[in-house]
Amino acid sequence: MSREAKPVLLTTAKARRIWLRAQRLDTPSPFGSGPQAVTEAVAHLGYVQIDTINVIERCHHHILYNRIPDYRRADLRHAQSVDKSVFEYWTHALSYVPTRDFRFFLPAMRQHRRERHLSRWFGSVTPAATRKVMRLLRQGALTIRDIDDDVLVDKQHLWASRKPSKRALQLAFYNGVATISERQGMLKTYELTERHFGWDRLPRPASPTEVANYLLDRALRAQGIVSLDSICHLDAPSKPKVARAIASRLRRGELLPVALEGARHEHWAEPEMLEAALDGAPERVHILSPFDPLIIQRKRTHVFFDYEHRFEAYVPKEKRVLGYFALPVLAGDEIVAALDLKADRPHRRLLMQKWSWIGKGGGRSARPELKRRIEEELHRFERFQLAD
């Protein structure tokens, strides 16, 4: 890395405010409302993770709720299935990503096509299953429930399907031949990609250099201050090309090195981000998903917030500290509590399993007022949980 510019010394307090500004968690309604707000939020964040756990609202809805105050689940369905401004694909996990970025995912789709025989999961897809699924897709969109004549096989792991056609459908998805045109809960409708988007042909694939710059730009926009690990979260193969993109921008003065208080790794930021006037600590309260972009990179969250979230859904009950599905609570620019919540949908209520104070939230003198503010947000969060 070039050392031409002297690192900018940055406290964690300033770094937190920069990251919160980049995540749009410090303003009341940064993206407006309705389906267009979903489009703009996903475009700004770069991706919104999808997860199957529904102890409370699934994380993709939860992440959008925290940035779109009057968010409705139907807005995401509209963006995906009507406006077609977002689509599903793999980032570090299955996520909603902006359709405008489709070309940056085509190289990964082509790689899946070339190397699927190396995968234990997709290598077992037979030519007969592929022909069957493609014949059905050419006739129209379909879900796995529409295929009822499969000869069932034994599951290879807990989350597998006994239907060979499911693997063939998933392979078509990862290859880019099919896309998910609609989602009802976890039930996905598959459609031929060109037909869904109304394209005569797929966009031109991005080059490796373009992909590296895309990953860097995406992180700078949504994180403000970046490290190689934060840009390439669970994507180690991209690190060499992204490192070269960083070095190039450092030489041109488009990035500055940052010496972040308490951090072991190198960080960088754009000059205008470091120079931006930031108000004092924001006063907003957010009950965050454990898969929120502010939380999902545990080591990064620890550096910035002195808090490393424990996701304990797969931890034996007797060893849990925060609870099965604890949600971090952000108050201003501090993570002050973790709430283990559960939605009791039949009785239309939100159950508090456990309340744990974190960090400064543990200060007894501050607790009454802080608890009042958190409870206000809890009431709003409960209304969102139980809405249709």
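Check the entry above for the structure.
A few words now on the overall build of the protein. Each helix and strand in the protein was counted, giving 14 helices and 13 strands. The globule rule puts the C-alpha radius of gyration for 388 residues at 21 Å, and the 22 Å found for the protein is close to it. In terms of its C-alpha atoms, the protein occupies a principal-axis envelope of roughly 65 × 60 × 40 Å. Sequence-distant contacts, at least 24 apart, represent 61% of the contacts inside the protein between residues at least 6 apart. Counting only carbon and sulfur atoms, one obtains 51% of the accessible surface of the protein, whose full area is about 18900 Å². Each charge class in the protein can be summarised by its mean position, and for the 65 positive and 47 negative side chains these summaries are 5 Å apart.

Attention now moves to the environment of Ile-68. Mapped onto the elements of the fold, Ile-68 is located in the loop between helix H3 (59-65) and helix H4 (73-81). If near-sequence neighbours (up to four positions away) are discounted, Ile-68 is found in contact with Gly-32, Ser-33, Ala-37, Val-38 and Ala-41.

Spatial strand order, S1-S8-S9-S7: 4 strands in an open sheet with mixed pairing. Each edge of the open sheet carries a strand with a single partner, namely strand S1 (8-10) and strand S7 (225-226). In the sheet, S7 pairs with strand S9 (residues 267-269) via 2 bridges, with the strands oriented antiparallel. Along S9, the bridge assignment pairs Val-226 with Trp-268. Set on the sheet, helix H1 (residues 12-23) makes contact with S1, S7 and strand S8 (256-260); between it and S1 the angle comes to about 90°.

Remember that side chains alternate between the two faces of the sheet whenever the strand is regular. Bridge count between strand S12 (residues 334-344) and strand S13 (residues 349-357): 8 bridges; the pairing is antiparallel. Paired with Asp-340 across the two strands is Lys-354, which belongs to S13. Counted along the chain from S12 to the antiparallel partner S13, the turn is 4 residues long, and its residue Arg-348 has a positive phi close to 50°.

The antiparallel open sheet is built from 4 strands, whose spatial order is S10-S11-S12-S13. The open sheet has two edge strands, strand S10 (285-287) and S13, and neither has a second partner. Strand-to-strand, the axes of this sheet are offset by a mean angle of 30°, without reference to chain direction. Summarising the sheet, S10 and strand S11 (residues 326-331) pair through 3 bridges and their orientation is antiparallel. Across the sheet, the residue bridging to His-286 is Leu-330, located in S11. In this fold helix H14 (residues 367-386) packs onto S10, S11, S12 and S13, with an angle of close to 150° to the strand it touches most, S13.

With 5 of 5 residues buried, strand S4 (residues 94-98) is to be regarded as a mostly interior element. Both faces of S4 are covered, namely the face carrying Leu-94, Tyr-96 and Pro-98 and the face carrying Ser-95 and Val-97. Here strand S2 (residues 48-49) pairs with S4 via 2 bridges, running antiparallel. Residue pairing across strands places Val-48 opposite Tyr-96, the latter belonging to S4. For strand S3 (residues 86-90) and S4, the ladder comprises 5 bridges, and the chain directions are antiparallel. Pairing of Glu-88 across the sheet is with Tyr-96, part of S4.

Time to look at H4. Within H4, the full set of buried residues consists of Arg-73, Asp-75, Leu-76, Ala-79 and Gln-80. Buried residues along H4 cover an arc of 160° about the axis, so they all sit on one side.

Okay, the packing of H1 against helix H9 (residues 208-223) next. For the pair H1 and H9, interaxial distance at closest approach is 6 Å and the crossing angle is 110°. In terms of orientation, H1 lies roughly perpendicular with respect to H9. For the pair H1 and H9, the contacting residues are Trp-19, Ala-22 and Gln-23 in the first and Arg-221, Ala-222 and Gln-223 in the second. Residues belonging to the contact of H1 with H9 are distributed by class as follows: 3 nonpolar, 2 polar and 1 charged.

A few words now on the layout of surface pockets. Counted as a void, the second largest pocket has a volume near 470 Å³. Around the second largest pocket, the lining is made up of 23 residues, and of these Ser-227, Asp-229, His-265, Lys-299 and Arg-300 lie nearest the centre. Looking at the lining of the second largest pocket, the elements with two or more residues in it are helix H10 (228-231) and helix H13 (298-305). Here the lining of the second largest pocket is built from residues that sort into 7 nonpolar, 8 polar and 8 charged.

Further remarks concern the pattern of salt bridges. Going through the model one piece at a time under the given rule, you end up with 22 salt bridges. One salt bridge in this structure joins Asp-333 and Arg-16, with 3.9 Å as the shortest N-O distance. Here the residue Asp-333 occupies a position in the loop between S11 and S12, and Arg-16 occupies one in helix H1, the gap between them amounting to 317 residues. By relative accessible area, which is 9% here, Arg-16 ends up buried. The shortest N-O distance in the salt bridge between Arg-17 and Asp-333 comes to 3.9 Å. Highlighted residues: Arg-17 in helix H1 and Asp-333 in the loop between S11 and S12, separated in sequence by 316 residues. A single salt-bridge network, built from bridges that share partners, covers Arg-16, Arg-17, Asp-333 and Glu-334.

Cut-offs applied
Residues numbered from 1 in each chain as written. Predicted model: local features only at pLDDT ≥ 70, side-chain atom pairs only at ≥ 80, totals over all residues. Heavy atoms only, no water. Helix = DSSP H or I, 4+ residues; strand = E, 2+ residues; numbered from the N terminus. Rg over C-alpha atoms; globule rule 2.2 N^0.38 Å. Contact = heavy atoms within 4.5 Å. Areas by Shrake-Rupley, 256 points an atom, 1.4 Å probe, with all protein chains shown as cover. Lys, Arg positive; Asp, Glu negative; His and termini not counted. Charge placed at Lys NZ, Arg CZ, Asp CG, Glu CD. Pairing = 2+ DSSP bridges. Axes fitted to C-alpha atoms, helices over the stretch in contact; angles between N-to-C directions. Buried < 20%, exposed > 50% of the residue type's maximum accessible area, 1.4 Å probe, protein only. Arc of directions from axis to C-beta. Parallel < 35°, antiparallel > 145°, perpendicular 65-115°, else oblique. Nonpolar A, V, L, I, M, F, W, Y, C, P; charged D, E, K, R; others polar. 1 Å grid on protein atoms, 1.4 Å probe; cavity = no way out; pocket = protein on both sides within 12 Å on 5 of 7 lines; lining within 4 Å. Points joined across faces, edges and corners; volume = space filled by probe spheres on them. Salt bridge = Lys/Arg side-chain N within 4 Å of Asp/Glu carboxyl O.

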